[in-house]
Amino acid sequence: MNKTEYILNVNGKSKNIVSSEDKPLLYILRDDFNLTGTKLGCGLEQCGSCAVLVDGSKVLSCNRPAIEFVNKKITTIEGIAKNEVLNEIQQSFKEFNAAQCGYCTSGIIVSLTELFNKKKIPESKEIVESLSGQLCRCGSHASVLKAVNNVIKIRKNHG
Amino acid sequence: MVNKYKLNTGASVKDYNKVSDWLSFESPDKINISTGKVDIGQHISTTLALICSRELEIDINSIFVKKLNTDITPNEGITASSLSVPNSGTAIKAASIIFKRNFLDYAAKSLNLIKNNIKLDDGVVKDPNSNASISFWDFSQTEDFFKLSIPEIIEDINQNNIDHNFHVETKFINSIVQGEYRFLHDLKFDNMLHARIIRPQSYSHRFVSIDESIYKYLKDHNLELFIKNSFVAILGDDEYEVIKSLNRVKNSIKWEQVDKLANDEVFNLIDKNNKDTLVVKRGGEAFHENIPEIKSYKNSNYKTLTSEFNKPYLMHGSIGPSASCSIYKNGKFVIYSHSQAIYALKSILSNAFNVEEENITLHFMPGAGCYGHNGADDVTYEAALLSKEFENKYILLKWTREDENCWEPYGSASKNKLTATLDENNKIIYWSSEAYSDTYLTRPMVGKLEYFVSQRFINNDFKKYKAEPRTGAHMGIHRNLDPIYNFKETRLVKNLVHDLPLRTSALRTLGAFANTTATETFMDDLCIEVNIDPFEFRINHLDDNRAIDLLNDLKTQMKKDKLSENGFRGIAFSRYKNSASYCAVGVELTVSDNVEVELKQAWISVDAGEVAFKEGIEAQVEGGFIQAASWSLYEKVDFDNNEILSKDWDGYKIIEFDNIPLIKTSVINRVGFPYLGVGEAVAGPTGASISNALKRALGERIKSMPFSQENITKQLLG
């Protein structure tokens, strides 16, 4: 088995990795970084459970080799809170209990974090676009949208 | 004056009648709840903690709910059929009431106080004079505590009016939003092998041979192959290497097809195939009796209408694939499973592997939500089997997306045929309703090893099992076939259709989704025929005041909101199993020029008895609405003669955020009434209300789900 060595930066920490060249980022996060908040859902880039941020943009991690992300800043769901302070989306999800089983929630929060980092007050269309491909089976969509609207309301109130 | 009521402590207390079966007290301030129900995202842990918290006047954060572990938690059977709060919730409430009453007696006696003057503060009673105190935790150390029994009926309970409009954070949300909530899939042990199953094209393929050259590849990649007849698994310590090898190993195997998967379209097979046909009587039980002919009336003032409704095979479609972890060591199994039937699995695995039940421990660990019998039980059996072969190693087996989509037991395809006669006063005097479907009940069962899908491959002599019709009230196919309405005469018929192509079992609501959709869409056809308001028409056929209140509540809700441009509305209603929650749904939708259905607004009114956790009820009904809307608009398992075609999310579309309406939910609180299960009540009314709004939009009833562009166009063009 041919293995290669490279360095990945995840949630602000760099780590030396030895893996096969094709090993997708998802498995490196879960196996080598022990960050299991990013989920394996389909392995086909269809369900969004494996979403992470790479340099602030959403990337589905279940197929793309980790080696593609050398010299990039990778942020997983575990790295979204700063100094143990939840971001406004996580906080709002708590206030609206915006999860049922929670398997899809990491990917949804990651998607919304990208959106709200890029746009202060996103339009409804942009919210739906951001969540396109983020599948949920328990039907938490309505509570997720309530939590999103709450973030918008708070941002509007704070000018 | 505070009103009093009595509590029937219910089914779970019959088996576990000691307070200590349900509650344990851990110093300094922790209370543990035991439950035999599993939290699959329905917030049962929060609901139980909240019930206990209110009765014991203790902060919910001091109350912890133990995950099911067959060595220590009560066996409450399967977590299904909307019975978690009615069973476990009632037991916890009863245990908490009995505990508190006895604690107060004990505290009064120990501190020499008058019971009625005692002030309970965070589980502690203090003597204001001496400052001496007695706590719940002190009492829990006494012999008296372990003797406390829960009676069948508890009298004189104060009817407290609780404000449910404050936010209660669910038990796991804090860890979920930070990615710290552990699912079964996240388990890690030293000495663990990851596993995947290599499956053929269909149920009817058998292993013939393997290209021997594959063994070199396996050796080079530290992988092991396990073959038992046609059951093939691959194992290794690196999960990705296992996944990567799947196609390569699959392609090295020669399979033979011993039978076709299907030889006709499923709705034709439902008509053609052999059936067990039973009469269902008012009350919902089924009987092996002669089937009466459909009645016809000669009165020219009467109107007779007919209807038909088809539902395709639906999948559970859990976002995370089914998974299980098992180790067999020193003659004992330790197994982690996200099944809803953990206790049943224990007995079955004991029989299957000839290991005493006392040597099997099953732990529940969360999987991704599904609501029903998906692959969770199959994968647990498979993981146990592999761990028996690879002793002393943890085996973490996960299904692939294709496994999940193609090998789970689906919700059966079904057909409903109805006839009704209205008299000259626009009252329904005759109602005939027939349900046709495969079984919904192949959950794990002792003596039915064949219900596990892998038995078809492990056992070369496997013969397809023949389902037996169940006769209990509202079982499977005939769930909610008996309408709640006061029709003068009914003819209800259940048909268990044999030899249908796909494997089936329990999917959220079983037959109730189809039966309620069929009933409530036909009710709408009838009210349109006689030009009566749909609320009024239903109320004209109801005697149950709670049902009438519910419909009026929905009507009030819907009146407050303006109709959207080009919007059409539909309503529907049912009481799940005619014994659980009442639920009424209103939907507003538009249909675009290219026949795409957009959901604009939805209103839900629900009566689940006494409210334990309002936000939990809202989450259940709104989540159930969204899942049922997805079934109604998008979902259908596709297959051909040889294989299932809906192998991934491209081949099996489900609802997304682009078609979620604004949902408003009204929860009617019936203080002092029994808790009614709420997880499934909304599905049937959702399917029917969407169909009813569509009929108003299109002027025609669309008879087959899903109400997709393809199906609507097909029917409209004839």
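Every value quoted in this text rests on a predicted model; they were computed, and no experiment measured them.

Caption draft 1: Structural view of the overall build of chain B. Each helix and strand counted, chain B has 20 helices and 27 strands in total. Over its C-alpha trace chain B gives a radius of gyration of 27 Å, about what one expects of a compact globule, namely 27 Å for 718 residues. Oriented by its inertia axes, the alpha-carbon framework of chain B measures out at about 85 × 80 × 50 Å. Residues classed as buried in chain B amount to 51% of the 718 residues present. Taking contacts inside chain B between residues at least 6 apart in sequence as the whole, the part at least 24 apart equals 79%.

Caption draft 2: Expanded view of the overall build of chain A. Counting its secondary structure elements, chain A contains 5 helices and 5 strands. Along chain A, from the amino end to the carboxyl end, the secondary structure elements read β-β-α-β-β-β-α-α-α-α. For chain A, whose C-alpha radius of gyration is 16 Å, the value lies close to the compact-globule estimate of 15 Å for 159 residues. Its C-alpha atoms give chain A principal-axis dimensions of roughly 55 × 30 × 25 Å. When the 159 residues of chain A are sorted by exposure, 52% land in the buried category. Long-range contacts, defined here as pairs at least 24 residues apart, represent 59% of the contacts in chain A between residues at least 6 apart.

Caption draft 3: Up close: unusual backbone geometry. Residue and element names in this part refer to chain B. In the segment running from Met705 into Pro706, the intervening peptide bond is cis, with an omega of -5 degrees. Summarising the element assignment, Pro706 is placed in the loop between helix 19 (683–698) and helix 20 (709–716). With phi around 65 degrees, His43 is a residue other than glycine that occupies positive phi space. Mapped onto the fold, His43 is located in the loop between strand 3 (30–33) and helix 3 (44–56).

Caption draft 4: Structural view of the packing of helix 3 of chain B against helix 4 (residues 84–111) of chain B. All names here are of chain B. Between helix 3 and helix 4, the least distance of the axes is 9 Å, while the angle of their chain directions is 25 degrees. In terms of orientation, helix 3 and helix 4 fall into the roughly parallel class. Every pair of crossing elements has a handedness; the one defined by helix 3 and helix 4 is right-handed. Taking contact as the criterion, the partners of Ile44, Thr47, Leu48, Ile51, Cys52, Glu55 and Leu56 in helix 3 are, on helix 4, Ser84, Val85, Ser88, Gly89, Ile92, Lys93, Ser96, Ile97 and Lys100. Its residues assigned to classes, the contact of helix 3 with helix 4 shows 8 nonpolar, 5 polar and 3 charged.

Caption draft 5: Here's a closer look at the domain arrangement of chain A. All names here are of chain A. Segmentation of chain A into domains returns domain 1 (4–79) and domain 2 (88–157). One C-alpha centre belongs to domain 1, the other to domain 2; they are set 22 Å apart. The interface is formed by 14 residues belonging to domain 1 together with 13 residues belonging to domain 2. Listed by contribution, the elements that provide at least two residues to the side of domain 1 that touches domain 2 are strand 3 (51–54) and strand 4 (57–60). If you tally residues by element for the side of domain 1 that touches domain 2, the top one is strand 3, at 3 residues. Per-class residue counts for the side of domain 1 that touches domain 2 are 6 nonpolar, 6 polar and 2 charged.

Caption draft 6: Layout of helix 12 (residues 376–389) of chain B. Residue and element names in this part refer to chain B. In this model helix 12 runs 20 Å from its N-terminal to its C-terminal C-alpha over 14 residues, within 8% of the 20 Å that 1.5 Å per residue would give. Of all 14 residues making up helix 12, 12 are buried, and the element is well covered by its neighbours. Within the sequence span of helix 12, burial applies to Ala376, Asp377, Asp378, Val379, Thr380, Tyr381, Glu382, Ala383, Ala384, Leu385, Leu386 and Ser387.

Caption draft 7: View of the interface of chain B and chain A. Contacts between the two partners involve 48 residues from chain B and, on the opposite side, 47 residues from chain A. Of all the secondary-structure elements, those providing two or more residues to the side of chain B that touches chain A are helix 7 (173–177), helix 9 (239–251) and helix 18 (614–633) of chain B. Ranked by the residues each element gives to the side of chain B that touches chain A, the list is headed by helix 18 of chain B, at 8 residues. Split by residue class, the side of chain B that touches chain A holds 21 nonpolar, 15 polar and 12 charged.

Caption draft 8: Molecular detail of the pairing of strand 2 (residues 13–19) of chain A. All names here are of chain A. Here strand 1 (residues 4–10) runs beside strand 2; their pairing, made up of 7 bridges, is antiparallel. The residue bridging Asn9 from the neighbouring strand is Ser14, located in strand 2. From the end of strand 1 to the start of strand 2, which pair antiparallel, there are 2 residues, and Asn11 there has a positive phi angle of about 50 degrees.

Caption draft 9: Quick peek at the sheet that holds strand 12 (residues 231–236) of chain B. All names here are of chain B. As summarised here, the arrangement of the 7 strands in space is 11-12-9-20-17-18-19, forming an open sheet in which the pairing is mixed. The open sheet has two edge strands, strand 11 (223–228) and strand 19 (360–364), and neither has a second partner. Between one strand axis and the next, the sheet turns by 20 degrees as a mean value, whatever way the strands run. The pairing of strand 9 (residues 192–198) with strand 20 (residues 394–398) spans 4 bridges and is parallel. Bridged to Leu193 within strand 20 is Ile395. The sheet contacts of helix 11 (residues 342–353) involve strand 18 (332–337) and strand 19, and relative to strand 19 the element is tilted by about 150 degrees.

Caption draft 10: Layout of the domain arrangement of chain B. Residue and element names in this part refer to chain B. Its domain assignment divides chain B into domain 1 (4–177), domain 2 (184–259 + 322–398) and domain 3 (273–313 + 410–716). In this complex, domain 2 contributes 21 residues to the contact, which on the side of domain 3 involves 21 residues. Elements represented by at least two residues in the side of domain 2 that touches domain 3 include exactly helix 11 and helix 12. The biggest single contributor to the side of domain 2 that touches domain 3 is helix 11, with 6 residues. Considering only residue class, the side of domain 2 that touches domain 3 consists of 9 nonpolar, 8 polar and 4 charged.

Caption draft 11: Quick look at the sheet that holds strand 3 of chain A. All names here are of chain A. Ordered by their spatial adjacency, 5 strands build an open sheet running 2-1-5-3-4, and the pairing between neighbours is mixed. Each end of this open sheet is capped by a strand with a single partner; those strands are strand 2 and strand 4. Mean inter-strand twist for the sheet, computed between neighbouring axes without regard to direction, equals 40 degrees. Summarising the sheet, strand 3 and strand 5 (residues 73–75) pair through 2 bridges and their orientation is antiparallel. Of the residues in strand 5, the one forming a bridge with Val54 is Ile74. Packing of helix 3 (residues 105–118) onto the sheet brings it into contact with strand 3 and strand 4, and relative to strand 3 it is tilted by some 30 degrees.

Caption draft 12: Region of the structure containing the packing of helix 11 of chain B against helix 12 of chain B. Residues and elements named next belong to chain B. At their nearest, the axes of helix 11 and helix 12 sit 11 Å apart, and the two run at 40 degrees to each other. Helix 11 and helix 12 meet at a crossing whose hand is right-handed. From helix 11, Leu345, Leu349 and Phe353 reach across to helix 12, where they touch Asp377, Thr380, Tyr381, Ala384 and Lys388. Its residues assigned to classes, the contact of helix 11 with helix 12 comprises 5 nonpolar, 1 polar and 2 charged.

Caption draft 13: Focus on helix 5 (residues 141–157) of chain A. Residue and element names in this part refer to chain A. When the terminal C-alpha atoms of helix 5 are compared, their 24 Å separation across 17 residues agrees well with the 24 Å that a helix rising 1.5 Å per residue should span. Those residues of helix 5 not exposed but buried are His141, Ala142, Ser143, Val144, Leu145, Ala147, Val148 and Val151. The positive-phi residue at the C-terminal boundary of helix 5 is Gly159, with phi of around 70 degrees.

Caption draft 14: Representation of the nonpolar core. Grouped together as the largest cluster of nonpolar side chains are 242 residues, with contacts concentrated most on Ala95, Ala195, Ile395, Cys583, Val585, Ile604 and Phe625 of chain B. For this core, the element with the highest residue contribution is helix 4 of chain B, accounting for 10 residues.

Caption draft 15: Representation of the environment of Thr421 of chain B within the structure. Assignment of secondary structure puts Thr421 of chain B in strand 21 (residues 414–422). The residues contacting Thr421 of chain B, other than those within four sequence positions of it, are Tyr297, Tyr302, Lys303, Thr304, Ile429 and Tyr430 of chain B.

Caption draft 16: Just the pairing of strand 17 (residues 323–329) of chain B, in detail. Residues and elements named next belong to chain B. With 6 of 7 residues buried, strand 17 is to be regarded as a mostly interior element. Of the strand pairs in this sheet, strand 17 and strand 20 are connected by 4 bridges, and their pairing is antiparallel. Pairing of Cys325 across the sheet is with Leu396, part of strand 20. Pairing of strand 17 with strand 18, which is carried by 6 bridges, proceeds in the antiparallel orientation. Counted as the bridge partner of Tyr328 is Phe333 from strand 18.

Reading guide: rules and limits
Residues numbered from 1 in each chain as written. Chains lettered and ligands numbered in written order. Predicted model: local features only at pLDDT ≥ 70, side-chain atom pairs only at ≥ 80, totals over all residues. Helix = DSSP H or I, 4+ residues; strand = E, 2+ residues; numbered from the N terminus. Rg over C-alpha atoms; globule rule 2.2 N^0.38 Å. Buried ≥ 20, exposed ≤ 12 C-beta atoms within 10 Å, placed from the backbone. Contact = placed C-beta atoms within 7 Å. Axes fitted to C-alpha atoms, helices over the stretch in contact; angles between N-to-C directions. Parallel < 35°, antiparallel > 145°, perpendicular 65-115°, else oblique. Left-handed = near helix turned anticlockwise from the far one by under 90°. Nonpolar A, V, L, I, M, F, W, Y, C, P; charged D, E, K, R; others polar. Domains from an automatic or database assignment. Expected span 1.5 Å × (residues − 1). Pairing = 2+ DSSP bridges. Core = buried A, V, L, I, M, F, W, Y, C linked by C-beta atoms within 7 Å.

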